[in-house]
Amino acid sequence: MFINKLTSAFGDHSSLLPLFTKDVVNSAGMTAFSYEAGGKIEAKDRFIDEFGTQAIWMGGLPFFKWGIDKTVYKLAKINPDIDVRLLKDKEQLSVAQKYAQSIKGRDEIAASLSDAVKNTKLARGLFLGKFFTATALTLASFFTLVKAKQYYTKKQIEKQFWAKKSQESAYNNNIAKSPAFKAFAIQENENKKNPSKNVSFKGLGSALSSFMFDPVKNLFIVDAGITGERLINSRTKIEFAETAIKEGSLLFFLYVAGRYVQKGIEKLSEFAGKPIDLHAEVLSSDELKRAIKTGKINDDISVIKNLMSDKKALFEYLYDSKNQDNSVIKAAKQSGVIKTIVDGTWLQKLSGKGINTNIIDSHQYIKPDNINDIALYLEKLVKKAPKDEKALEKFLKQCRNMKIASVAGNMGITCMFLGLIVPHAMMKYREKQQNGNKNFHVQSQIEQQLEKSFKGRVA
């Protein structure tokens, strides 16, 4: 069901979708408030900065990594899909290689894994090089965007300034002297004395390894770099302070607050007798319901818990095709803890239309702690689940609905802060610093410099 998949994606702390959504909301809010405060020029400046940065932020890392995969990795004849953590874990590696050789019609998997094992140092070096190069190029792209945006904004301000001066000159030399204008000016003075007669129009809408292997944490490095560059390249003191408010809030709500809000909601739900630690897809699956009903799930959990003390035995069990019906393994696959091979083009895979073979991808690393967490979450759920079939079905449905509500609530709270409260706070700060004036401070500063230049020419 689509809503389950969507909830799982938004509730997954290693997924980029919630980050992207929150940033879009923040960017839209910042642009709207900028338009209301500073007009079209500031709105354009903010739009380019926010959405241009977003394109680089979300697209830069994947693009540069893809380019390195298609060039450097291809020349080195190393499969970029292989998780280099697997090459360090001898217990899992030996089992994964054996498993890869048993997959019918997938000889390329075993061959590429074997090549990586033979060239372990090269594979690790390529991965480190890709991580640092892609991150550096992404930050360099943002730096280029900042300089281009500031140059464009300055030119727009200059264009508007000189157009205004040209109009003033024409007014002083011609229009103001005409009889018709003098009559109009008299009427305008009368209007000022009776402001209620005027019609007003207002504009509408104004540890390093963990960072390398987690796409969200990798983005945090880029985000931290972007924040630093924005602060360094601030054009005024007010812009520096506004950037600090905006970026500090963004980093907090993107990378910290979401996890704690979700954990808090999950704790409240657990207190209410509805554990919702698992993904919505797991909670709504028929397999889970059958396993709880028959009591099979208790045996499945016990098997996994007993194997946790022996890593090799655990991996041998996880990879064995005979054990794929285990409830913990199924839940781990649905949660993305155990990655499976998905067939199809890269576009089909990206859009979720690829065909899931349910075969464990032996290129990928499986973290034992994550398997243990899944087992514990299932155990917690089973303890609260009623024995009656109808009551069980209702219970699981309630858990699934509460999971959806918790993810939606988490996103809603974060988006409200990023899209409304933070931009509003920035504008209030600006008003305070400029004695009630919300004008675009960068534009005011450039116009002051142009005014001095203009007076110098006239003199």
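So, how was this worked out
- Residues numbered from 1 in each chain as written.
- Predicted model: local features only at pLDDT ≥ 70, side-chain atom pairs only at ≥ 80, totals over all residues.
- Heavy atoms only, no water.
- Helix = DSSP H or I, 4+ residues; strand = E, 2+ residues; numbered from the N terminus.
- Buried < 20%, exposed > 50% of the residue type's maximum accessible area, 1.4 Å probe, protein only.
- Areas by Shrake-Rupley, 256 points an atom, 1.4 Å probe, with all protein chains shown as cover.
- Arc of directions from axis to C-beta.
- Contact = heavy atoms within 4.5 Å.
- Expected span 1.5 Å × (residues − 1).
- Phe/Tyr/Trp six-rings, centres within 6.5 Å; stacked < 30°, edge-to-face > 60°.
- 1 Å grid on protein atoms, 1.4 Å probe; cavity = no way out; pocket = protein on both sides within 12 Å on 5 of 7 lines; lining within 4 Å.
- Points joined across faces, edges and corners; volume = space filled by probe spheres on them.
- Nonpolar A, V, L, I, M, F, W, Y, C, P; charged D, E, K, R; others polar.
- Salt bridge = Lys/Arg side-chain N within 4 Å of Asp/Glu carboxyl O.
- Polar contact = N/O pair within 3.5 Å; in protein donor to acceptor, adjacent residues only side chain to side chain.
- Axes fitted to C-alpha atoms, helices over the stretch in contact; angles between N-to-C directions.
- Parallel < 35°, antiparallel > 145°, perpendicular 65-115°, else oblique.
- Left-handed = near helix turned anticlockwise from the far one by under 90°.
- Patch = residues over 30% accessible without salt bridge, like charges linked within 9 Å, V, L, I, M, F, W, Y side chains within 5 Å.
- Core = buried A, V, L, I, M, F, W, Y, C linked by side-chain atoms within 4.5 Å.
- pLDDT = per-residue confidence, 0-100.

### With respect to the overall build of the chain
- Tallying secondary structure elements over the chain gives 19 helices and 2 strands in all.
- Of all 459 residues assigned to the chain, the portion counted as buried reaches 42%.
- When the accessible surface of the chain is split by element, carbon and sulfur atoms take 59% of a total near 25200 Å².

### Quick notes on helix 12 (residues 286-294)
- When helix 12 is considered as a whole, its buried residues turn out to be Leu 288, Ala 291 and Ile 292. All buried residues of helix 12 project into a common sector of 95° when viewed along the axis, lining one side. Turned more than 90 degrees from where helix 12 packs its buried face, Arg 290, Lys 293 and Thr 294 sit exposed.
- For helix 12, the elements touching its buried residues are helix 11 (280-283), helix 13 (296-307), helix 15 (327-335), helix 17 (368-384) and helix 18 (389-433).
- Two residues or fewer past helix 12, Gly 295 is found with a positive phi of approximately 85°.

### Let's talk about helix 17
- The terminal C-alpha atoms of helix 17, which comprises 17 residues, lie 25 Å apart, in line with the 24 Å expected from a rise of 1.5 Å per residue.
- Of the residues making up helix 17, those classed as buried are Pro 368, Ile 371, Ile 374, Ala 375, Leu 378, Leu 381 and Val 382. Projected down its long axis, helix 17 shows its buried positions confined to an angular sector of 150°, all on one face. For helix 17, exposure combined with an orientation more than 90 degrees from the buried face picks out Asp 369 and Lys 383.
- At its buried positions, helix 17 is contacted by helix 11, helix 12, helix 13, helix 14 (311-319), helix 15 and helix 18.

### A word on the packing of aromatic side chains
- Throughout the structure, instances matching the rule amount to 6 aromatic pairs.
- Between the aromatic rings of Phe 63 and Phe 64, the centroid separation amounts to 5.4 Å while the plane-to-plane angle is 70°, which identifies the pairing as edge-to-face.
- On the basis of relative accessibility, which here comes to 51%, the residue Phe 63 falls in the exposed class.
- You can call Phe 64 buried: its relative accessible area is 18%.
- A connected cluster of aromatic rings, assembled from ring pairs, spans Phe 63, Phe 64 and Trp 66.

### Concerning empty space enclosed by the protein
- Its volume calculated, the largest cavity comes out at about 230 Å³.
- What lines the largest cavity is a set of 21 residues, and nearest its centre among them are Arg 46, Asp 49, Lys 149, Glu 239 and Thr 243.
- At the level of elements, helix 2 (17-76), helix 6 (120-173), helix 10 (237-271) and helix 18 are the ones that each hand at least two residues to the lining of the largest cavity.
- Along the lines of polarity and charge, the residues of the lining of the largest cavity split into 3 nonpolar, 5 polar and 13 charged.
- Its volume calculated, the second largest cavity comes out at about 70 Å³.

### Notes on the pattern of salt bridges
- Within this structure, the stated rule accounts for 15 salt bridges.
- Lys 246 serves as the salt-bridge partner of Glu 247, at 3.1 Å between the closest nitrogen and oxygen. Neither Glu 247 nor Lys 246 differs from the other in exposure class; each is buried.
- Glu 266 is paired through a salt bridge with Lys 403; the nearest N and O atoms lie 3.2 Å apart. One end of the pair, Glu 266, is in helix 10; the other, Lys 403, is in helix 18, and 137 residues separate them in sequence.
- Shared partners join several salt bridges into a network, and the residues in it are Lys 296, Asp 300, Asp 325 and Lys 330.

### Details of unusual backbone geometry
- Despite not being glycine, Lys 77 has its phi angle at roughly 60°, a positive value.
- Position of Lys 77 relative to the elements: it lies in the loop between helix 2 and helix 3 (84-88).
- For Asn 358, which is not glycine, the phi dihedral falls at a positive 70°.
- Mapped onto the elements of the fold, Asn 358 is located in strand 2 (residues 355-360).
- Assessed through its relative accessible area of 43%, Asn 358 is described here as partly exposed.

### Some words on the side chain of Ser 335
- The topology assignment puts Ser 335 in helix 15.
- At a separation of 2.8 Å, a polar atom in the side chain of Ser 335 contacts the main-chain carbonyl oxygen of Ala 331.

### Side note on the packing of helix 12 against helix 18
- In the contact formed by helix 12 and helix 18, the axes pass within 11 Å of each other and the chain directions differ by 140°. Compared by their axis directions, helix 12 and helix 18 come out oblique. The interaxial crossing formed by helix 12 with helix 18 has right-handed handedness. Contacts between helix 12 and helix 18 involve Leu 288, Lys 289, Ile 292 and Lys 293 on the former and, on the latter, Glu 389, Leu 392, Glu 393 and Leu 396.
- For the contact of helix 12 with helix 18, the class distribution of residues is 4 nonpolar, no polar and 4 charged.

### Section: a nonpolar patch on the surface
- There is a patch of nonpolar side chains on the surface, built from Phe 252, Val 256 and Tyr 260 and spanning about 330 Å² of accessible area.
- Mapped onto the elements, Val 256 comes out in helix 10.

### Quick word on the nonpolar core
- Counting residues in each nonpolar core, the largest one holds 59 residues, and the members touching the most others are Ile 292, Leu 318, Ile 371, Leu 378 and Leu 381.
- Not counting residues within four places of it along the chain, the set of residues in contact with Ile 371 comprises Ile 304, Leu 318, Val 328, Ala 332, Val 337, Ile 338 and Ile 366.
- Of all hydrophobic cores here, the second largest spans 22 residues; its members include Trp 57, Val 216, Leu 251 and Tyr 255.

### Regarding the confidence of the model for the chain
- When pLDDT is averaged across the chain, the result is 80; 80% of the residues are at 70 or more.
- Between the elements of the chain, mean pLDDT differs from a low of 48, seen in helix 7 (residues 179-193), to a high of 95, seen in helix 13.
- Note on residues 195-206: pLDDT under 50 across the span, and 14 contacts to partners over four residues away in sequence or across chains.

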